[in-house]
Amino acid sequence: MRVRTDDEVYRVDAVWLGPPKATFPWRARYVAWGVGIVVFLVVLTIERQMGIGFGFFSTAWALVATILLTRFITQRISHERPLTAVMSMWVRELTAPRERTASTGGAASAARIRVSPQRPRPKLTKKQQLRARQQAQPRRTPDSRKKEVRGVRTPARP
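Rules behind the numbers
Residues numbered from 1 in each chain as written. Predicted model: local features only at pLDDT ≥ 70, side-chain atom pairs only at ≥ 80, totals over all residues. Heavy atoms only, no water. Helix = DSSP H or I, 4+ residues; strand = E, 2+ residues; numbered from the N terminus. Buried < 20%, exposed > 50% of the residue type's maximum accessible area, 1.4 Å probe, protein only. Contact = heavy atoms within 4.5 Å. Areas by Shrake-Rupley, 256 points an atom, 1.4 Å probe, with all protein chains shown as cover. Core = buried A, V, L, I, M, F, W, Y, C linked by side-chain atoms within 4.5 Å. Polar contact = N/O pair within 3.5 Å; in protein donor to acceptor, adjacent residues only side chain to side chain. Salt bridge = Lys/Arg side-chain N within 4 Å of Asp/Glu carboxyl O. UniProt positions renumbered as here; feature names shortened; annotations may be inferred. pLDDT = per-residue confidence, 0-100. Phe/Tyr/Trp six-rings, centres within 6.5 Å; stacked < 30°, edge-to-face > 60°.

J.: Provide a residue-level description of the overall build of the protein chain, including the pertinent values.
T.: Counting its secondary structure elements, the protein chain contains five helices and zero strands. Element order for the protein chain, N to C, with α for helix and β for strand: α-α-α-α-α. Counting all 158 residues of the protein chain, 10% fall into the buried class. A separation of at least 24 residues holds for 33% of the contacts in the protein chain among residues at least 6 apart in sequence. On the protein chain, roughly 16100 Å² of surface is accessible, and the fraction owed to carbon and sulfur atoms is 59%.

Now the structure itself:
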């Protein structure tokens, strides 16, 4: 014995074929008409923001883009996956937290590099350092060799 499911009920699309005795040559679900109107207004708005004027050809291309986008959207919705579920899934997908693939920091950052106004000099050997210190100190004159005695004041120089 074969059990029949109720899938046939859902296979029938709610379709408006047009007025009586003057039907459209295409089939479109009610939801497609609603989506198409919204998409057409969005496409026209985007055209105006891009600076495309309102004319016959711009409106015709907007209509072509609307048909393509509406068919793309309505292929993804059905009685099992309504438009509201697809839209909420799309919003959740866009706002979901993502794994960070870019690394923070790095080997060197321009903010942490020290810049010196003088160019680097080669390191001196110990002998060269000693010679440089001796040249930097002023030479002592014979008068400066006087030994100071603790507790005794030297006379003030005039």
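J.: Now, about the nonpolar core: what can you tell me, with residues and values included?
T.: Membership of the largest hydrophobic core is limited to five residues, which are Val35, Val39, Val43, Leu44 and Ala62. By residue number, the principal contributor to this core is helix H2 (residues 30-49), which donates four residues. Apart from residues no more than four positions distant in its own chain, Val43 is found in contact with Ala62, Ala65, Thr66 and Leu69.

J.: Which residues make up the environment of Gln129, and what values do they have?
T.: Tracing the sequence through the fold places Gln129 in helix H5 (residues 126-136). There is a polar contact of 3.4 Å between the side chain of Gln129 and the backbone oxygen of Leu124.

J.: Give a detailed account of the pattern of salt bridges, specifying residues and quantitative values.
T.: If you walk through the whole model with that rule in mind, you get two salt bridges. For Glu93, the salt bridge goes to Arg98, with nearest N and O atoms at 3.6 Å.

J.: Describe the side chain of Glu47, with residues and values.
T.: Relative to the helices and strands, Glu47 resides in helix H2. With relative accessibility at 9%, the residue Glu47 sits in the buried group. When neighbours within four sequence positions are excluded, Glu47 is seen to be in contact with Ile52, Ser58, Trp61 and Ala62.

J.: Go over the UniProt feature "transmembrane region" (unreviewed entry) in the protein chain, please, and point to the residues and values.
T.: Per the UniProt record, the feature "transmembrane region" (unreviewed entry) sits at residues 30-46 and 52-73. Measuring from the first to the last C-alpha atom of residues 30-46 gives 25 Å, for a span that is 100% helix and 0% strand. With 82% helix and 0% strand, the stretch residues 52-73 has end C-alpha atoms that lie 25 Å from each other.

J.: Tell me about the confidence of the model for the protein chain, residues and numbers included.
T.: As a note on interpretation, predicted positions should not be read in detail where pLDDT is low. Scored by pLDDT, the protein chain comes out at a mean of 79, with 72% of its residues at no less than 70. Taken element by element, the protein chain is modelled with least confidence in helix H1 (residues 7-11), mean pLDDT 60, and with most confidence in helix H3 (residues 56-75), mean pLDDT 92.

J.: Provide a residue-level description of the packing of aromatic side chains, including the pertinent values.
T.: Under the criterion given, the structure shown has one aromatic pair. Geometrically, the ring pair formed by Phe56 and Phe57 is edge-to-face, given 5.2 Å between the ring centres and 75 degrees between the ring planes. The pair Phe56 / Phe57 is uniform in exposure class, with both members exposed.

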